[in-house]
Amino acid sequence: MRTAIVRGPLYAPCAAVKDHLRELVLQALLDMKRAGELSFESEPDFVIERSKSREHGDYASNVALLLSKAAGRKPRELAEAIARTVPKSQHIEGVEVAGPGFINFRLNQACRIGTLRRVLEQGERYGCQPEDSRESVTVEFVSANPNGPLHVGHGRGAAYGASVANLLEAYGHSVQREYYVNDAGRQMDILAVSVWLRYLELCGEQPRFPDNGYKGDYVVGIARDLRSAVGDGFRHRASEVEAKLPADESQGGDKEIHIDALIERCKQLLGSEANYRKLFDKGLHWCLKLIREDLVDFGVVHDNWFSERSLMTGGYVQRAIETLDKAGHLYEQDGALWFRATAFGDDKDRVVRRENGVTTYFASDLGYLLSKFERGFERALYIFGADHHGYIARLKAAAQGLGLDPAKIEIQLVQFAVLFRGGEKVQMSTRSGQFVTLSELREDVGSDAARLCYVLRGNDQHLDFDLDLAKSQSNENPVYYIQYAHARVHALLRQAAEKHWSFNRTACDAARAKLIDPREDELLGDLMRYPEVVEAAALGRAPQVIANYLRELAASFHSYYNAVAILVPEEELRQARLGLCIAVRQVLANGLRLLGVSAPERM
């Protein structure tokens, strides 16, 4: 059992205070055990957490509730005995018992005002763990098929993924942000044939356009680029295109069979793999360029764009299949090669190679998973849309079959975002072209409002995005409310400069003890818990924890600003209060940066 007690200044970020309190409780338990008042074999797995109400102090522990049954004592009675035994600490003002047996700890003012120095000294690093102090993580997010512009649904995955990556980095992980480019799939073939049909229309032909082709205006734009590049070189008569094709849905047939046949007809008429690849790549590169630009404008930058094609050229798929085969996890049936995924908890076995010798999408999933760890990452985080729920068991089974630790593979699902304008739902459909693009959303409400609104709720919850609220300049608009608090501090410093008053950090440090107003104490408490908020948000992959904290901090600051005179004539008090405001500004900026939101100096 650990018995050392932390007695030095609590300057370390994150869990320093909780660690200190835990050591005090452990020391009390050990002292009671030695006195014969308590018996236990190993260190109890109790928690130290923030109290839900300030009336109950700053932190609370459930240790007495956990040990009461084994001790044969009532929880509250045991809690009182532990509280009496907790060693004295220069940071603790009081230890109290509440409710059925919780032990509450109240920090003293010296501990609380020490936060002001830490924030001002550490600046942008306040709340962060040392860089690269934890395992390396590759975070894959967005990864939308490059068959059109990003829409608002993709935007939520982008905002969530970027924020989670920032949180992991702040918590000490080495993070790589990755976009998986599906440049070898059927949906890209459908885009290619859609572009070709629009190209034929530009050439004066009138082929029937399939119901399940891509109909957005952007397809016409790609077709124009194609015609500029090849002229009439890819032109064929509509009668050639449509001759003996299977009926589509409007003709009583199967639309999927029809479009697959149309893809094959396109390849046949173009006459060579090189010509089809030119058509295919025209759509791919056009859409990828647009996606990259949209993401950068949205403040989302990926470190690596990983090509699905490279899984074959780099040998990842073949090595994954060979690894499963050597481990005895593959079998043949009906001419196909199967992975025995049910042996690892999946709901069915998975085909890795079809009877025609072509590998499957799942084989690509295997190769991509293997690539992450072959490239040296220690953990892989996938961020998928909610419709990918089946991938959780599938990828966990794949990891075990490949000899990887499934605990190192994590899948987070992002639920859908629904736009509302004027109280009415905005309809979206990618293929029909009737959708709101991410670029349009950004132009409508701004990147800041979109980024924050996307992460206000947990990723596993549906999100109703109110466009009108996101654009409003009111306290009900969270991004405006938070940014206004940050800008208010800058305005305060401009007012001080007009009076020829400047801030001096040394003078502020010497005058910290003058911060005795209850609202100042509340602000110091809010600032003190920021590192714990970052830690909780990182561990829970929950940027909404940061967003909610920033709203609370902004509310505390607005209340303080409206009730307390800050630019007072008394030098020491003014320096202390300005320092507190500057610390609030710093933490607001730090939190907003994690969410990809700007911290303006003026509103």
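Above this text sits the structure in question.
Keep in mind it's a predicted model, so treat the numbers as computed, not measured.

Rules used throughout
Residue positions within a chain follow its written sequence, with the count starting from 1. Residues qualify for local features only when their pLDDT is at least 70, as the model is predicted, and side-chain atom pairs are given and counted only at 80 or more; totals for whole chains, interfaces and linings, by contrast, use all residues. As a convention, hydrogens and water are excluded, and side-chain values are obtained from all of the structure's heavy atoms. At least two bridges found by DSSP between two strands are what make those strands a pair. For helices the rule is a DSSP run of H or I covering at least 4 residues; for strands it is a run of E covering at least 2, with both sets numbered from the N terminus onward. Think of each axis as a best-fit line through the C-alpha atoms, taken over the contacting stretch in the case of a helix, with angles from 0 to 180 degrees between the N-to-C directions. We call a set of buried residues a nonpolar core when its members are Ala, Val, Leu, Ile, Met, Phe, Trp, Tyr or Cys and they connect through side-chain atoms within 4.5 Å of each other. Exposure classes here rest on a 1.4 Å probe applied to the protein chains alone. A residue is buried below 20% of its type maximum, exposed above 50%, and partly exposed in between. Contacts: residue pairs with any heavy atoms within 4.5 Å of one another. Crossing handedness follows the turn of the near helix against the far one: under a right angle anticlockwise gives a left-handed crossing, and clockwise gives a right-handed one. Note on residue classes: Ala, Val, Leu, Ile, Met, Phe, Trp, Tyr, Cys and Pro are nonpolar, Asp, Glu, Lys and Arg are charged, and everything else, Gly too, is polar. Here the aromatic set is Phe, Tyr and Trp, taking the six-membered ring for Trp, and pairing holds for ring centres within 6.5 Å; pairs whose planes are under 30 degrees apart are stacked, those over 60 apart are edge-to-face, and all others are tilted. Any Lys NZ or Arg CZ found within 6 Å of a ring centre and within 35 degrees of that ring's normal is scored as a charge over the ring.

Asks: What should I look at first to understand the sheet that holds strand 8 (residues 330-333) in this one?
Replies: Within the open sheet, the three strands sit side by side as 8-9-10. Their pairing is antiparallel. The open sheet has two free edges, formed respectively by strand 8 and strand 10 (350-353), since each of these has just one partner strand. Between one strand axis and the next, the sheet turns through 45 degrees on average, direction left out of account. For strand 8 and strand 9 (residues 336-339), the ladder comprises four bridges, and the chain directions are antiparallel. Bridging from a neighbouring strand, Gln333 pairs with Ala336 of strand 9.

Asks: Can you walk me through the nonpolar core in this structure?
Replies: Soluble globular proteins tend to bury their nonpolar side chains together. Ranked by internal contacts, the top residues of the largest apolar core, which has 129 residues, are Trp196, Leu279, Leu441, Tyr454 and Phe465. Those residues in contact with Tyr454, other than ones at most four positions away along the chain, are Val152, Gly155, Arg156, Ala159, Phe298, Ala417, Leu438, Leu441, Leu463 and Phe465. Ranked by size, the runner-up nonpolar core spans 32 residues in total, among them Tyr316, Phe362, Ala363 and Ala399.

Asks: Honestly, the packing of helix 4 (residues 109-122) against helix 20 (residues 518-528) in this entry has me stumped. Any pointers?
Replies: The angle between the axes and the distance between the axes are what describe a pair of packed helices. Contact geometry for helix 4 and helix 20: axes closest at 9 Å, N-to-C directions at 65 degrees. Crossing hand, helix 4 versus helix 20: left-handed. In this structure, helix 4 contributes Cys111, Arg112, Ile113, Thr115, Leu116 and Arg118 to the contact, and helix 20 contributes Asp521, Leu524, Gly525, Leu527 and Met528. Taken together, the residues of the contact of helix 4 with helix 20 sort by class into six nonpolar, two polar and three charged.

Asks: Any chance you could explain unusual backbone geometry here in plain terms?
Replies: For residues that are not glycine, phi is negative in most cases, and the peptide bond is trans in most cases. At Asp132, a position not held by glycine, the phi torsion is positive, near 55 degrees. Checked against the element boundaries, Asp132 lands in the loop between helix 4 and strand 5 (136-140). Positioned with a positive phi, Ser143 is a non-glycine residue whose angle comes to about 45 degrees. Tracing the chain through its elements places Ser143 in the loop between strand 5 and helix 5 (152-170). Owing to a relative accessible area of 16%, Ser143 belongs among the buried residues under this scheme.

Asks: Is there a simple way to explain the side chain of Arg585 in this structure?
Replies: Tracing the sequence through the fold places Arg585 in helix 23 (residues 571-594). Other than its neighbours up to four places away in sequence, Arg585 contacts His486, Val489, His490 and Leu493.

Asks: Would you mind going over the sheet that holds strand 12 (residues 409-414) with me for this structure?
Replies: Two pairing modes exist for strands in a sheet, parallel and antiparallel, and in both the strands are linked by backbone hydrogen bonds. With parallel pairing, five strands are arranged side by side in an open sheet as 7-6-5-11-12. Only two strands of the sheet have a single partner each, and these edge strands are strand 7 (304-307) and strand 12. Strand-to-strand, the axes of this sheet are offset by a mean angle of 25 degrees, without reference to chain direction. Pairing of strand 5 with strand 11 (residues 379-385) involves four bridges; the strand directions are parallel. Residue pairing across strands places Glu140 opposite Tyr382, the latter belonging to strand 11.

Asks: Please explain the packing of aromatic side chains as it appears in this structure.
Replies: For any pair of aromatic rings, the description rests on two quantities: the centre-to-centre distance and the angle between the ring planes. For the structure shown, the criterion picks out 20 aromatic pairs. Seen from their ring centres, Tyr276 and Phe280 are 6.2 Å apart, and the 55 degrees between their planes marks the pair as tilted. Remark: Phe280 and Tyr276 occur in helix 10 (residues 273-297); sequence separation between them is four residues, near one turn of the helix. Ring pairs connect the aromatic residues Tyr180, Phe306, Tyr316, Tyr368, Tyr382, Phe384 and Tyr391, which therefore count as one cluster. Sitting above the plane of the Phe40 ring, Lys33 keeps its charged end 4.9 Å from the centroid. Lying across the ring of Tyr276, Lys267 places its NZ or CZ 5.1 Å from the centre.

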